[in-house]
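So you can see what is in the structure, the chains are spelled out below.
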Amino acid sequence: FLYHVRNIPQAGVYVGRIDGGETRRVLASDSPAVYAPSGQLLFIRQDTLFAQDFDPVRLELTGDPYTVARGVLRGMVSVSAGGAVAYRPGGGMGPMAPRHLIWFDRSGREIENAGDPVHSGWTTPELSPDGRWGGMYRTVSGNPDVWLFDLRRRVLSKLTSDTAADVNPIWSPDGSRVVFNSN
């Protein structure tokens, strides 16, 4: 498993084993990394999203990192089991600025634009393992809730509706459940 450690001299992305074996830093980073099913770690340095090959047996990076996208907001990247990558562009966008879910091929050419699912105020997009749904949270009238966006039908639905701050949705590996932070 991967985890991120911050605010210490050895901040970075670490790898560990569920059986409790050795943990070690694999990447100096000020934001988390995600593992792509194609065998790369995706991570952000400054405002650039990089990918680098990762050996899941030896638990180490191999080769050199390469640029995937520029102008990416730190910590705002997700990858589905099918390999689709979602990220949030940075560059001074305010919380109410329009945002779009856009798919690009590996050369950077736009291949699909899902449009702006909620017009404004959403953050932390998380793709379902099958790539059909986007999970995100959106603050309406001062209350953050988790929302789901059907990427095929372009329909938005509210998943949570209590007064708690429900944020940072993550899909279960089979896509049947959504886990989120709540106070």
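Note that the structure is predicted; figures quoted are calculated from it, not measured.

Brief notes about the side chain of Ser128
- On the secondary structure map, Ser128 appears in the loop between β13 (122–127) and β14 (133–140).
- Residue class for Ser128 comes out buried when judged on its relative accessible area of 1%.
- Looking at Ser128, its side chain comes within polar contact range of the main-chain nitrogen of Arg132, at 3.3 Å.
- The residues touching Ser128, leaving out its near neighbours within four places in the chain, are Ser80, Trp133 and Trp171.

Here's the deal with the packing of aromatic side chains
- One pass over the structure, following the stated rule, counts 4 aromatic pairs.
- For the ring pair Tyr35 and Phe54, a centre distance of 6.0 Å and an interplane angle of 75° mean the geometry is edge-to-face. With a gap of 19 residues between them, Tyr35 in strand β4 (residues 34–35) and Phe54 in strand β6 (residues 48–55) connect regions that are remote in the sequence.
- Look at Phe43 and Phe50: their rings are 5.8 Å apart centre to centre, the planes differ by 25°, and that puts the pair in the stacked class.
- Exposure remark for Phe43: the relative accessible area of 0% places this residue in the buried category.
- Given the relative accessible area of 17%, Phe50 is considered buried.
- One aromatic cluster is present, formed by Phe1, Tyr3 and Tyr14 through successive ring pairs.
- A cation over an aromatic ring shows up here: Arg138 above the ring of Trp147, its NZ or CZ 5.4 Å from the ring centre.

Some points on unusual backbone geometry
- Of note in the backbone geometry, Gln46 takes a positive phi value of approximately 55° without being a glycine.
- By relative accessible area, which is 74% here, Gln46 ends up exposed.
- In this structure, Asn168 takes a positive phi of about 55° despite not being glycine.
- By the secondary structure assignment, Asn168 is in strand β17 (residues 166–171).
- By relative accessible area, which is 30% here, Asn168 ends up partly exposed.

Here is what the cut-offs are and how they apply
Residues numbered from 1 in each chain as written. Predicted model: local features only at pLDDT ≥ 70, side-chain atom pairs only at ≥ 80, totals over all residues. Heavy atoms only, no water. Helix = DSSP H or I, 4+ residues; strand = E, 2+ residues; numbered from the N terminus. Buried < 20%, exposed > 50% of the residue type's maximum accessible area, 1.4 Å probe, protein only. Polar contact = N/O pair within 3.5 Å; in protein donor to acceptor, adjacent residues only side chain to side chain. Contact = heavy atoms within 4.5 Å. Phe/Tyr/Trp six-rings, centres within 6.5 Å; stacked < 30°, edge-to-face > 60°. Lys NZ or Arg CZ within 6 Å of the ring centre and 35° of its normal.

Fair warning: the whole summary comes from geometry, so function is off the table for now.
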